[in-house]
Protein chains: 2
Amino acid sequence: MYSHHSKPPQCRLYGAPYSISTSRVAVVLNEKNIEYEWRIVDTGNRGLRILRSEHKEPRYLALNPFGKTPLFQDHEVTMYESRAVIRHIARKHDEHGPHLYGTNEKERTMVDQWLEVESQNFNPAIAPAVYHLVFAAWFGKIGDVRVVNPSIARLEKVLDVYESQLMKTKPHVQSWWTSIFNRPSWMSHLLKAYPKIYFNPHA
Amino acid sequence: MYSHHSKPPQCRLYGAPYSISTSRVAVVLNEKNIEYEWRIVDTGNRGLRILRSEHKEPRYLALNPFGKTPLFQDHEVTMYESRAVIRHIARKHDEHGPHLYGTNEKERTMVDQWLEVESQNFNPAIAPAVYHLVFAAWFGKIGDVRVVNPSIARLEKVLDVYESQLMKTKPHVQSWWTSIFNRPSWMSHLLKAYPKIYFNPHA
């Protein structure tokens, strides 16, 4: 574990660079322009030649007994579960940067609804494909291609709903995806989390 | 679909009686003592001899394009995803009944964390066992017992964490379970949702 910053941070994020849940929190911190100390948790990755499982060690389990990343700390809380962490950050820093949790009860409710859609529909659909196409190899395993097609088929159904929903506000999934992918908060995180993949010529 | 009430309700819940997600919303409405109209959605249940799939019909998909129950309506919103619905009810009716979403930011954050623990740890662990031990037969299928043991083993690990967490506030999982199981909000829902199983001698 090491720190990216030398001065005392407002908060601390424990997580693995390639962890999607860790990225979820990092991007929200970036959106809010909140400085944080990123403590790399070695969750065992043969591709990166880090072979310990720090998230299963007693000192980590004392902070998150479920033994998962990310873990988040600020002056008020030590907590886990990325979708709870981003709600906390959005509420606590509502006046600072974009109003990620909406500006009234109806918007907050819709943010909650679409966060749950991601958690209960999008993620379960896409996760098997991502695991077997990407992560399996990183963990030194062979991905099972038979899992990929049903996962993609399920994902397509979810994206069909996104498409019809986004038609009301944004011109379709493709442009929505492009707009969120190109947000500075996300690009900044990619450069930090995947330095070998996303080379920054201006760094 | 039919209504349990004749006067106009504050809100409406579309769902199947045996749906766990629907129960999640019903119990929170009961906790808040909010009158609601329950519109039964026939999601196809051979055990109950209801064989349509109303949640896949166009008039239902127009309200919830993911084709799942529950669906919730009040004067402000039409929404889905049970864990988003209960957050909405808890926020909107915070002054009415128990403060389900806590009374300060730290408590709200811990409510969010444990809601996510349920969604990401408890439910994925227990769901396969519940499906293969209970629901499969209801759907006219044969449960696969080979799925049950790993599911229970995973659940036990989650409950071990609950146990150590509850030691700080409640004397262990068993008494916590007894206390929530016996809440009037839950008993009232069981009598409504499972009238053949939970016979109420005082009804």
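Within an unreviewed UniProt entry, the label attached to chain A reads glutathione transferase, and the organism entered is Riccia sorocarpa. Its UniProt record, at the heading Catalytic activity (unreviewed entry), says of chain A: "RX + glutathione = an S-substituted glutathione + a halide anion + H(+)". What UniProt records for chain A under Sequence similarities (unreviewed entry) is the sentence "Belongs to the GST superfamily. Phi family."

Asks: I would appreciate a short explanation of the relation of the copies chain B and chain A in the present structure.
Replies: For the pair of chain copies, the relating transformation is a rotation about an axis with a translation along it. Superposing chain B onto chain A requires a rotation of 180° together with a translation of 0.0 Å along the rotation axis, leaving an RMSD of 0.0 Å. Both copies are brought into coincidence by an operation consistent with a two-fold rotation axis. When each C-alpha of chain B is compared by its distance to the rotation axis, Ser119 of chain B comes out closest, at 4.2 Å. Both copies present the same face, since 100% of the interface residues in chain B are matched by interface residues at the equivalent positions in chain A.

Asks: Which parts of the structure should I look at to understand the domain arrangement of chain A?
Replies: Accessible area lost when the parts come together is the quantity often used to give the size of an interface. All names here are of chain A. When its domains are assigned, chain A resolves into domain 1 (1-100 + 184-203) and domain 2 (105-169). Of the residues lining the interface, 12 residues belong to domain 1; the matching set on domain 2 comes to 12 residues. For the pair domain 1 and domain 2, the summed buried area comes to about 1,000 Å², and 55% of that belongs to carbon and sulfur atoms. The shortest N-O distance in the salt bridge between Arg87 and Asp112 comes to 2.9 Å. Sorting elements by how many residues they give to the side of domain 1 that touches domain 2 places helix α3 (residues 82-92) first, with 3 residues. Each residue belonging to the side of domain 1 that touches domain 2 can be placed in one class, and the counts come to 5 nonpolar, 3 polar and 4 charged.

Asks: Where do I start with the sheet that holds strand β3 (residues 71-73) of chain B in this structure?
Replies: Neighbouring strands of a sheet are bound in pairs by backbone hydrogen bonds; such pairs are parallel or else antiparallel. Residue and element names in this part refer to chain B. The strand order across the open sheet built from 4 strands is β2-β1-β3-β4, with neighbouring strands paired in mixed fashion. At either end of the open sheet lies a strand with only one pairing partner, and these are β2 (36-40) and β4 (78-80). If you compare each strand with its neighbour and ignore which way they point, the axes differ by 20° on average. The pairing of β3 with β4 spans 3 bridges and is classified as antiparallel. Each bridged residue has a counterpart across the sheet, and for Leu71 the counterpart in β4 is Tyr80.

Asks: Teacher, can you tell me more about the sheet that holds strand β3 (residues 71-73) of chain A here?
Replies: Residues and elements named next belong to chain A. Across the sheet, 4 strands lie side by side as β2-β1-β3-β4; this open sheet has mixed pairing. Among the strands making up the open sheet, the edge pair consists of β2 (36-40) and β4 (78-80). Across the sheet, the axes of successive neighbouring strands diverge by a mean angle of 20°, strand direction being ignored. By the bridge criterion, 5 bridges tie strand β1 (residues 11-15) to β2 in an arrangement that is parallel. Of the residues in β2, the one forming a bridge with Leu13 is Trp38.

Asks: For this particular structure, what's the right way to read the interface of chain B and chain A?
Replies: With 31 residues of chain B in contact, the opposing surface of chain A contributes 31 residues. For the chain B and chain A pair, buried surface summed over both sides reaches about 2,800 Å², with 54% attributable to carbon and sulfur atoms. Per-residue buried area on chain B facing chain A is highest for Phe66, Arg91 and Glu116 of chain B; these three make up 20% of the total on that side. Along the contact surface separating chain B from chain A lie 6 salt bridges. Between Arg91 of chain A and Asp112 of chain B there is a salt bridge; the shortest N-O distance is 3.0 Å. Going through the elements one at a time, β4, α3 (82-92), α4 (105-138) and α5 (145-166) of chain B are the ones with two or more residues in the side of chain B that touches chain A. The dominant element in the side of chain B that touches chain A, judged by the number of residues it contributes, is α4 of chain B, at 13 residues. Among the residues making up the side of chain B that touches chain A, the classes are represented as 13 nonpolar, 7 polar and 11 charged.

Asks: Help me understand the packing of aromatic side chains, please; the structure alone is not making it clear to me.
Replies: To describe a pair of aromatic rings, one takes the distance between the centres and the angle between the planes. Residue and element names in this part refer to chain A. For the structure on display, the rule yields 18 aromatic pairs over all chains. Between the aromatic rings of Phe122 and Tyr162, the centroid separation amounts to 6.0 Å while the plane-to-plane angle is 20°, which identifies the pairing as stacked. Of this pair, Phe122 sits in helix α4 (residues 105-138) while Tyr162 sits in helix α5 (residues 145-166); the two residues are 40 residues apart in sequence, bridging distant segments of the chain. For Phe122, a relative accessible area of 23% translates into the label partly exposed.

Asks: Hey, could you run me through a positive patch on the surface in this one?
Replies: On the surface, a cluster of positive charge is made up of Lys56 and Lys68 of chain A together with Arg154 and Lys157 of chain B. Within the secondary structure layout, Arg154 of chain B lies in helix α5. Residue Arg154 of chain B is classed as partly exposed on the basis of its relative accessible area of 45%.

Asks: Looking at this structure, I do not really get the environment of Lys192 of chain A. What am I missing?
Replies: Residue and element names in this part refer to chain A. In this structure, Lys192 sits in helix α7 (residues 184-193). Linking Lys192 and Pro17, residues 175 residues apart in sequence, is a C-alpha distance of 8.0 Å. In this structure the side chain of Lys192 is engaged in a polar contact, spanning 3.3 Å, whose partner is the side chain of Tyr36.

Asks: Any chance you could explain the pairing of β2 of chain B here in plain terms?
Replies: A regular strand places its side chains on the two faces of the sheet in alternate fashion. In terms of residue burial, β2 of chain B counts as a mostly covered element, since 4 of its 5 residues are buried. In this fold, strand β1 (residues 11-15) of chain B hands off to helix α1 (residues 20-31) of chain B, which returns the chain to β2 of chain B; that crossover is right-handed.

Asks: Please explain unusual backbone geometry as it appears in this structure.
Replies: In most cases, non-glycine residues show a negative phi, while peptide bonds are predominantly trans. For the bond from Thr69 of chain A to Pro70 of chain A, the omega torsion is 5°, close enough to zero to count as cis. Position of Pro70 of chain A among the secondary structure elements: in the loop between α2 (58-61) and β3. Phi is positive for Asn33 of chain B, close to 55°, though the residue is something other than glycine. Secondary-structure assignment places Asn33 of chain B in the loop between α1 and β2. Its identity is not glycine, yet Glu81 of chain B carries a phi of approximately 75°, on the positive side. When you line up the elements, Glu81 of chain B lands in the loop between β4 and α3.

Each value, and the rule that gives it
Residues numbered from 1 in each chain as written. Chains lettered and ligands numbered in written order. Predicted model: local features only at pLDDT ≥ 70, side-chain atom pairs only at ≥ 80, totals over all residues. Heavy atoms only, no water. UniProt positions renumbered as here; feature names shortened; annotations may be inferred. Least-squares fit on C-alpha atoms with pLDDT ≥ 70 in both. Contact = heavy atoms within 4.5 Å. Domains from an automatic or database assignment. Buried area = accessible area lost by both parts, 1.4 Å probe. Salt bridge = Lys/Arg side-chain N within 4 Å of Asp/Glu carboxyl O. Helix = DSSP H or I, 4+ residues; strand = E, 2+ residues; numbered from the N terminus. Nonpolar A, V, L, I, M, F, W, Y, C, P; charged D, E, K, R; others polar. Pairing = 2+ DSSP bridges. Axes fitted to C-alpha atoms, helices over the stretch in contact; angles between N-to-C directions. Phe/Tyr/Trp six-rings, centres within 6.5 Å; stacked < 30°, edge-to-face > 60°. Buried < 20%, exposed > 50% of the residue type's maximum accessible area, 1.4 Å probe, protein only. Patch = residues over 30% accessible without salt bridge, like charges linked within 9 Å, V, L, I, M, F, W, Y side chains within 5 Å. Areas by Shrake-Rupley, 256 points an atom, 1.4 Å probe, with all protein chains shown as cover. Lys, Arg positive; Asp, Glu negative; His and termini not counted. Charge placed at Lys NZ, Arg CZ, Asp CG, Glu CD. Polar contact = N/O pair within 3.5 Å; in protein donor to acceptor, adjacent residues only side chain to side chain. Right-handed = clockwise from strand over helix to strand, strands pointing away.

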